[in-house]
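Observations on the three-dimensional arrangement
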Amino acid sequence: MHASRLSRRAVLAGTAAAAALTTVPLLPGRALAAGPTAAAGQAYRWRTAVMGGTGFITGVLFHPSVRGLAYARTDIGGAYRWDDGTARWTPLTDHLGWDDWNLLGVEAMAVDPAHPDRVYLALGTYSQSWAGNGAVLRSDDRGATWSRADLSVKLGANEDGRGCGERLLVDPRDSNVLWLGTRHDGLLKSTDRGATWAAVSGFPGTPSASGQGVTLLVTAGRTLYAGWGDGEGTSGTKNLYRTSDGTTWEAVPGQPTGTAAKVPVRAAYDRYTRELYVSYANAPGPNGQSDGSVHKLCLATGTWKNVTPVKPGGTTADGSADSFGYGGVAVDARRPGTVVVSTNNRWADIDTLFRTTDGGRTWTSLKDSAVFDVSETPYLKWGADKPKFGWWIQAIALDPYDSKHVVYGTGATLYGTRDLKNWAPQIRGLEEASVRQLISPPVGEAHLISGNGDIGVMYHESLTASPSRGMASNPVMGSATGLAQAAAKPAYVVRTGWGDHGNGAYSNDGGQTWAPFEAQPSIAKDAPGPIATNADGSVLLWVFVHWDGTKYAAHRSADNGATWSEVSSFPKGATPVADPADPTLFYAYDTDTGTLLASTDSGRTFTARASGLPSGDAQFELVAAPGRSGDLWLSVKWNGLYRSTDAGATFTKVASCWASYTLGFGKAADGADYPAVYMVGSTETITAVYRSDDEAKTWVRINDDQHQWGWTGETITGDPRIHGRVYLATNGRGVQYGEPV
């Protein structure tokens, strides 16, 4: 969403930004357990709570040799395979675990036209120093199973340029040869189907630590073309190279220059007319583009032609500058001269797809006649009467077996059409939300309310259909920063987040409808943070943290957000926790000093209780056990798990696990008098999802090696009405919920 700040898709500039972003895990060196171990795992069935996409689709690839087979990649949520028979996407990378969190971003993918069951993925989310190296997965069964080759370089699937063309390619002359373009390490080559990789000597592009490097790889016949993102758009700095023998490279003669052709974004080859179409922009995108163009190269003559549908830089009806770049490009495998391209970063006049049937002489905007049906994913209206055509459109694909089947990715979904007029999300099975907060209400229609990056809060009246109310509105917010429910008054729920029309709201019907706070502190617009409500809903505590990590004083309201007063004794930046049984009690854990503070006067003042606890990590998490007063649990990552039964006066380390990242509670087992405890943590050598039915004396692992979802350390909660059901937040795979088989 354009107005959303602190998006999970923000490109991180360094370790300071990483520390400020709670959705990026901060991991230590690997350690091994030396204490109690978990019991044998219990069989669980895991499913994804349906929202419908919600994230940036960075690439879609129809298989040229198999009808109905396609693959999709995302910036942080893994890869998927499309099954035309069931009209669903199947996730292919959920097996990647905690230590491999950086591999959930897919930089590129490739298929082999000569071997329909082969598929390849280049994985790596960030290329910063704190992120791990990339990897290439290869499969002989369409992604059902994988072999893995770790790389010695980093990839950047959630960085600028993530919507550029595929950087991974099977050589058309030899299926054993693969090419991989990197951002900072030039061009790599494998001669053993991706098992090993080596740098290509003689490739003309000079990589740098801050550049884009290779932006695309595409074949035209038996010639390989490579786009280079670090040219300056001048005749002296080329941005498109080719090789016909796999050894000798040259800059493509006559290639376009200028700001509008600075970065080659995508390319597609029309084998009938022997023409290569290339989309360009003045930046790699998806943000920051203000100029662009589309050109085609006639291979028979070696001549270039500018076929740009609309030149950026005009003026819209309201006088705004119509600046944008070009993004996706796809050719029709059945009809010569038929091409579809997309604009990108066109906020004033809204992005569109242009289609030509005469090789670019004339173009038609598909937006102008588009009819949308988003009834299956109502959130796409974003609180308005109808959805936008899209934004961040850099992925386009044309079905090689159906000329009217076009799909395009946006920052939130994948739209598809079968007649070039009627469009609907083609998104079933693809869930990419970055989840921040979870509530499982004890009463009401919904068993789940989620707070998410980019799409705010959702009320899940069903787990198998996208919420019918869409995003929480009045006001609409982007990324959620806080979500809380009054324990003794569950109809009262509050939320906070990034937005331009208010940053806090309350609900008196359990989260179904909302109203904005009558007032909010002045800092709220620039630094909305977590919020808590006490047990009876009479007091609110709101914390403020800027996206850059700057912490501000917390504020208190005792009149449902009509007025606010500063709480100077509350530790800045801490997450407030309300006692679920006593409305006068609040808690806060100061992660800077390792001190537990408490308030006994409904949040007016806070005083220190236990001290000397682990410190130095803003992701340490304090939770209160439901239905009890003063029963606190403190997850401090690889420092372990601590518990207090005296409202934070003292804490005892729990011996049954050596690491705890997030903890929650659900309905007690039959015959038990304490809620079931759910945890993402470690009792052995791996980080996994666990349940305890005996107050954390023993644990049973409830996920398995095929259901790991990368980093899962944000939040977890059980269902207070169904024993065994658990809801797990992921960073790019939505809400996963599990139940015993």
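See the structure above.
Attention in this report is confined to the structure presented alongside it.

Definitions and limits used
- Residues numbered from 1 in each chain as written.
- Predicted model: local features only at pLDDT ≥ 70, side-chain atom pairs only at ≥ 80, totals over all residues.
- Heavy atoms only, no water.
- Buried < 20%, exposed > 50% of the residue type's maximum accessible area, 1.4 Å probe, protein only.
- Helix = DSSP H or I, 4+ residues; strand = E, 2+ residues; numbered from the N terminus.
- Pairing = 2+ DSSP bridges.
- 1 Å grid on protein atoms, 1.4 Å probe; cavity = no way out; pocket = protein on both sides within 12 Å on 5 of 7 lines; lining within 4 Å.
- Points joined across faces, edges and corners; volume = space filled by probe spheres on them.
- Nonpolar A, V, L, I, M, F, W, Y, C, P; charged D, E, K, R; others polar.
- Salt bridge = Lys/Arg side-chain N within 4 Å of Asp/Glu carboxyl O.
- Core = buried A, V, L, I, M, F, W, Y, C linked by side-chain atoms within 4.5 Å.
- Contact = heavy atoms within 4.5 Å.

1. Describing the pairing of strand 41 (residues 540-545)
With five of six residues buried, strand 41 is to be regarded as a mostly interior element. The turn linking strand 40 (residues 528-533) back onto strand 41 is made up of six residues, and G537 within it adopts a positive phi angle of 75 degrees. Bridge count between strand 41 and strand 42 (residues 551-557): five bridges; the pairing is antiparallel. Within strand 42, the position partnered with W542 by the bridge is H555. Between the end of strand 41 and the start of strand 42, which pair antiparallel, lie five residues, with G549 showing a positive phi angle near 100 degrees.

2. Thoughts on the layout of surface pockets
There is about 1,200 Å³ of room inside the second largest pocket. Looking at the second largest pocket, it is lined by 41 residues, and the ones nearest its centre are L61, F62, P64, V218 and T219. Elements that contribute at least two residues to the lining of the second largest pocket include exactly strand 2 (57-62), strand 6 (106-112), strand 10 (168-170), strand 14 (214-220), strand 18 (263-270), strand 24 (325-331) and strand 29 (396-398). Across the lining of the second largest pocket, the residue classes tally to 29 nonpolar, four polar and eight charged.

3. Some words on the pattern of salt bridges
In the structure shown here, the tally under the stated rule is 30 salt bridges. In this structure, the salt-bridge partner of R173 is D171, at a minimum N-O distance of 2.9 Å. Exposure remark for R173: the relative accessible area of 24% places this residue in the partly exposed category. What makes D171 buried here is its relative accessible area of 6%.

4. Some details on the pairing of strand 8 (residues 135-139)
The side chains of a regular strand alternate, residue by residue, between the two faces of the sheet. Of all the five residues making up strand 8, five are buried; the element is thus mostly covered by neighbouring parts of the structure. Alternating residues of strand 8 divide into A135, L137 and S139 and V136 and R138, and every residue in both groups is buried. Judged from the five bridges that link them, strand 7 (residues 115-123) and strand 8 form a sheet pairing that is antiparallel. Its bridge partner being in strand 8, L121 is matched across the sheet by L137. Here four bridges tie strand 8 to strand 9 (residues 147-150), and the two strands are oriented antiparallel to one another. What sits directly across from R138, in strand 9, is S147.

5. Let's talk about the sheet that holds strand 29
Read across the open sheet, the five strands follow the order 28-32-31-30-29; overall the sheet is mixed. A single partner strand is all that each edge strand has here, and the edge strands are strand 28 (371-372) and strand 29. Where strand 31 (residues 414-417) lies against strand 32 (residues 422-425), three bridges are found, and the strand directions are antiparallel. Paired with T417 across the strands is W423, a residue of strand 32.

6. So, the nonpolar core
The biggest cluster of nonpolar side chains holds 35 residues, and the ones touching the most others in it are L353, Y379, W382, Y408 and V735. Within the residue set of this core, elements represented by two or more residues are strand 29, strand 30 (406-409), strand 33 (435-439), strand 57 (726-729) and strand 58 (735-740). Those residues in contact with Y408, other than ones at most four positions away along the chain, are L353, F372, F389, I393, A395, I396, T413, L414, Y415 and W423. Residues Y661, I702, W709 and L728 belong to the second largest nonpolar core, which totals 19 residues.

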